[in-house]
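Structural overview for review
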Amino acid sequence: RPLLRVLCLCLARERMFEKSLSDLVRGIRAHKGQEAQYVSQCMTEIKKELKLENSSVKAMAVSKLTYLQMMGYDISWAAFNIIEVMSSTKFTYKRIGYLAATQCFHEGLDVVMLTTNLIRKDLSSASPYDASLSLNGLACFMTPDLARDLANDVLTLSASSRPFIRKKAVLTLYKVFLKFPDALRPAFPRLRDRLEDPENGVQCAAVSVICELARKHPKNYLSLAPTFFKLMSNSTNNWMLIKIIKLFGALTPLEPRLGKKLIEPLTNLIRSTSAMSLLYECISTVIAGLSHHTPSVQLCVSKLRLFMEDADQNLKYLGLLAMAKIMQKHPKAVLSLKDLILECLDDKDESLRFRALELISGMVTKKNMVEIVRKLLEHMDLSESAVYRDQVLSKIIEICSHNNYHYITNFEWYITILVEMVRFDGTHKGKVMASQMLDVTIRVRDVRQFSVKQMSNILENSHLFASGSGDKDGICEVLYAAAWIVGEFSEHLVNPRATLDSLLNPKITMLPAHIQAVFVQNIVKLYASILVKAEAEGNLETVEEVGAMLVEKLPVFLQSADLEVQERACCILQLMKYIVKLQSKGAAVADELVCLFEGELNPVAPKAQRKVPVPDGLDLEKWINNPPPESSDEGEKFAGDDIFFSSKSSGSHRSLGKRKDGGGDYSPKKSKKELREEKEEMKRAREQRKQAQMSNPHYLKFPSGSPQSHKAGGEALSSAPASASGIPVKKLDLGVALVIDDISPDSKKDRKGKKGRGKKGRGKRR
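Bear in mind that the values here come from a model prediction, so they are computed numbers and not experimental data. (Residues numbered from 1 in each chain as written. Predicted model: local features only at pLDDT ≥ 70, side-chain atom pairs only at ≥ 80, totals over all residues. Heavy atoms only, no water.)

Some words on the overall build of the protein
To keep things clear, this is the line we draw: In DSSP terms, a helix is any run of H or I states spanning at least four residues, a strand is any run of E spanning at least two, and both are numbered starting from the N terminus. For every residue, the accessible area obtained with a 1.4 Å probe (protein chains only) is divided by the maximum for its type, and the residue is called buried under 20%, exposed over 50%, and partly exposed between those limits. Residue contacts follow a heavy-atom distance rule, with two residues in contact if any of their heavy atoms lie within 4.5 Å. Calculation of accessible area relied on Shrake-Rupley with a 1.4 Å probe; when residues are assessed, cover is drawn exclusively from the protein chains displayed.
Looking only at helices and strands, one finds 37 helices and 0 strands in the protein. Per-residue burial for the protein yields a buried fraction of 40% across its 766 residues. For the protein, the share of sequence-separated contacts (at least 6 apart) that also reach a separation of at least 24 residues comes to 65%. Roughly 46,200 Å² of accessible area belongs to the protein as shown, and the carbon and sulfur atoms make up 53% of that amount.

As structure tokens, this is what we get:
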């Protein structure tokens, strides 16, 4: 007893100076300004504690590291110490080790491979708590190697006698399948058996795993439909019903007969359940696989009213989302909820407003379109978000232009709406609005006069758009359409002189280049219109005044950095100078100038060309020019010779290359004079090459008087001597003696038998 008491006192004194987890937390809170220094000091102490043999001290150190890891500090350096605590025989220490492993172990950590046998031992442990703990940890840091090595052990536990072990094993199998897909096929029968497990928790786990697997390949799980139908009919667990119905939503598009069988149980659930989550999944399944069943769809729409009337923003969002799915197949089903959808446009939540906008197009008719568009314009006025304003503007244009302007009965009203939307600065839908203005004005003849008047008003205030000219697809794009319309249909202008002054405003140069180019082009059209009227009235003063104004103000466009604007301005300026010159001589040029822009521009459908009959005698498949030859026989002249050079070209263009079929080259036939000149040129080149060789001291030459020296330069080298003795040998004057070992065949055989001697058997060089 005295000895035991002394031992306990020593242990207590040893642990008196150790920090517990509570001490660490209190210390961190006490050192708010110096947290990093305090944590660094604690890390040093923890490293010392991990080196001790005491298991309780190591476990406490790992628990402190776990807390520091949650604060963002890296503890991967202690991975091996964590494995030591995991291997402890005491459950309280083992649990600390597994907790730390779930937080810091990952697939890229090399130490994880050391846990394979440890986890296998815990999985097969007699203690259910050790097995449960190892399943929890394994699911968190599963790797492909662990999944491959431990798949059978986890599958064995799925048949355990304890329900909570079976449930955890089934859920862990899902992580095994993700990392090691080859384990799914042999494990599938066991997983299917768990669907009929007597324990509800195990059934829920099996249903969850199969639902997650079916998200990628639902067709593979069609065979389980009877089992799931039985579970749906008998189960009262809402969470399991949600999973089953979600799975049926993926299976019904693949098997039409399944949808017919699901109509009755789904409608019963929709009518009876009070759980909003289950109700939403039932509605989603009806939309996905039973959209052809009109009574079921109408029932879903009536139930969605509950979602949209609820005060919970999340339920409102789900209701709008489901209605958007229904609208894709039943567009007019939204009309019954028109009042609620319009109320959602007034909601503070922007996400709800966006969802409500998506449903607006399904509510529009010829009777209520004006009301809906006016409501959307009011929202644009009240909204401070530029993104939301752009969405509303796009929706208005989408509604009005739907199905070739099906809902519009008054196009002057639509032009007015487009002009009203121009005043919303900061929008990025300028090109869409300009396209609509052009399309309506060109296609609807009766609206042109009104449209020209409105475009003229826009041009008079064009200086207001110059400030936003730097924005991509900004509101200044509307000026493109305005300038084009007033120029093309200038006969409808009441005061063309005022519009011309607007087109010549110096601030126009701040607009994008493509808009400036349209302005310059349509200045001439307006001038032609003014000139015709002035000459008809005999108002020569106006003719001279307008011509002088154009000559004076057009040069500002010559300074543009864009080539298109420069070119148009230059051409039109020269044209104006020439017109002014003719006018000074008393000539009337209005009729000739108008001829430049004669002809009415009519709209053409994209597929109109197909309806044009082919004239008699016109073969569209026939070559306009003679086709090039596919191949030619030997000696036949190439058809394209004269394209690149004439038949009398000099000898420097001797050939274009050889034909692929081996039938000679493509060069033209040469005359005798040309061939003689080529031979002389080759002879001169050969003599020059021989002279260069003779004067080159590094070139090996034949002795004088030898037969080789008298041959042509190329022939002497190409002809091989009759024997080796005929090869000329040049004596080298070396200052150092050159010693070479014998290279006879006998000496080679001797060297082959001396392998392994290194450099001793090789030739020596001095």
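Description of helix α12 (residues 200-214)
What counts is decided by this rule: One less than the residue count of a helix, multiplied by 1.5 Å, gives the span that helix is expected to have.
In a regular helix each residue adds 1.5 Å, so 15 residues correspond to 21 Å; α12 covers 21 Å between its end C-alpha atoms and thus fits that length. Counting buried positions over the 15 residues of α12 gives 11, a clear majority of the element. When we look at burial in α12, the residues that qualify are Val202, Gln203, Cys204, Ala205, Ala206, Val207, Val209, Ile210, Cys211, Leu213 and Ala214. Looking at the buried residues of α12, the elements they touch are α10 (163-179), α11 (184-193), α13 (225-234) and α14 (238-251).

Observations concerning the packing of helix α21 (residues 369-382) against helix α22 (residues 386-400)
Put simply, the rule reads: Axis lines are fitted through C-alpha atoms, for helices just across the contact stretch, and the angle between N-to-C directions can take any value from 0 to 180 degrees. Note that the term roughly parallel is reserved for angles under 35 degrees, roughly antiparallel for angles over 145, roughly perpendicular for angles of 65 to 115, and oblique for everything else. With the far helix as reference, a near helix turned anticlockwise by less than a right angle produces a left-handed crossing, and one turned clockwise produces a right-handed crossing. Following the grouping adopted for this structure description, the nonpolar residues are Ala, Val, Leu, Ile, Met, Phe, Trp, Tyr, Cys and Pro, the charged ones are Asp, Glu, Lys and Arg, and the polar ones are all others, Gly among them.
It is the contact of α21 with α22, at a shortest axis distance of 9 Å, that shows an interaxial angle of 165 degrees. By the criterion of interaxial angle, the relationship of α21 to α22 is roughly antiparallel. Considering only the axes of α21 and α22, their crossing is left-handed. Residue-level contacts link Met369, Ile372, Val373, Leu376, Leu377, His379 and Met380 of α21 to Tyr388, Arg389, Val392, Leu393, Lys395, Ile396, Ile399 and Cys400 of α22. Classifying every residue of the contact of α21 with α22 gives 12 nonpolar, 1 polar and 2 charged.

Some points on unusual backbone geometry
Positive phi is not limited to glycine here, since asparagine 404 has a value of about 60 degrees. Within the secondary structure layout, asparagine 404 lies in helix α23 (residues 402-405). In the Ramachandran plot, tyrosine 405 falls in the positive-phi region, its phi being about 60 degrees despite a non-glycine side chain. Owing to a relative accessible area of 8%, tyrosine 405 belongs among the buried residues under this scheme.

Some thoughts on the side chain of serine 383
As for its placement among the helices and strands, serine 383 is situated in the loop between α21 and α22. The buried category is assigned to serine 383, whose relative accessible area is 11%.

Quick notes on the nonpolar core
Inclusion rule: Residue types Ala, Val, Leu, Ile, Met, Phe, Trp, Tyr and Cys, when buried and joined through side-chain atoms within 4.5 Å, form a set referred to as a nonpolar core.
The biggest cluster of nonpolar side chains holds 206 residues, and the ones touching the most others in it are Phe105, Phe228, Ile360, Ile396 and Met421. Examining the composition of this core, we find that 13 residues originate from one element, helix α29 (residues 513-537), more than from any other. Among residues more than four places away in sequence, those in contact with phenylalanine 228 are Leu195, Val207, Ile210, Ile244, Leu247 and Phe248.

Some remarks on the confidence of the model for the protein
To keep it simple, the criterion reads: pLDDT measures how confident the predictor is about each residue, on a scale from 0 to 100.
Averaged over the protein, the pLDDT score is 82; the fraction of residues at 70 or greater is 81%. This model gives residues 6-17 a pLDDT under 50, and the stretch forms 1 contact once residues within four places in sequence are excluded. Low confidence marks residues 632-667, where pLDDT is under 50. Its contacts with residues over four positions away, or in another chain, come to 34 contacts.

Observations regarding the layout of surface pockets
Under the convention used in this document: Only protein atoms enter the 1 Å grid used here. Points where a 1.4 Å probe fits but cannot escape make up a cavity, open sets with protein on both sides within 12 Å along at least five of seven lines make up a pocket, and a residue lines them when an atom lies within 4 Å of a point. Grid points are joined across faces, edges and corners, and a volume is the space filled by probe spheres set on the points.
Size it by volume and the second largest pocket reaches roughly 460 Å³. Listed by contribution, the elements that provide at least two residues to the lining of the second largest pocket are α10, α11 and α12. When grouped by side-chain class, the residues that make up the lining of the second largest pocket number 8 nonpolar, 2 polar and 4 charged.

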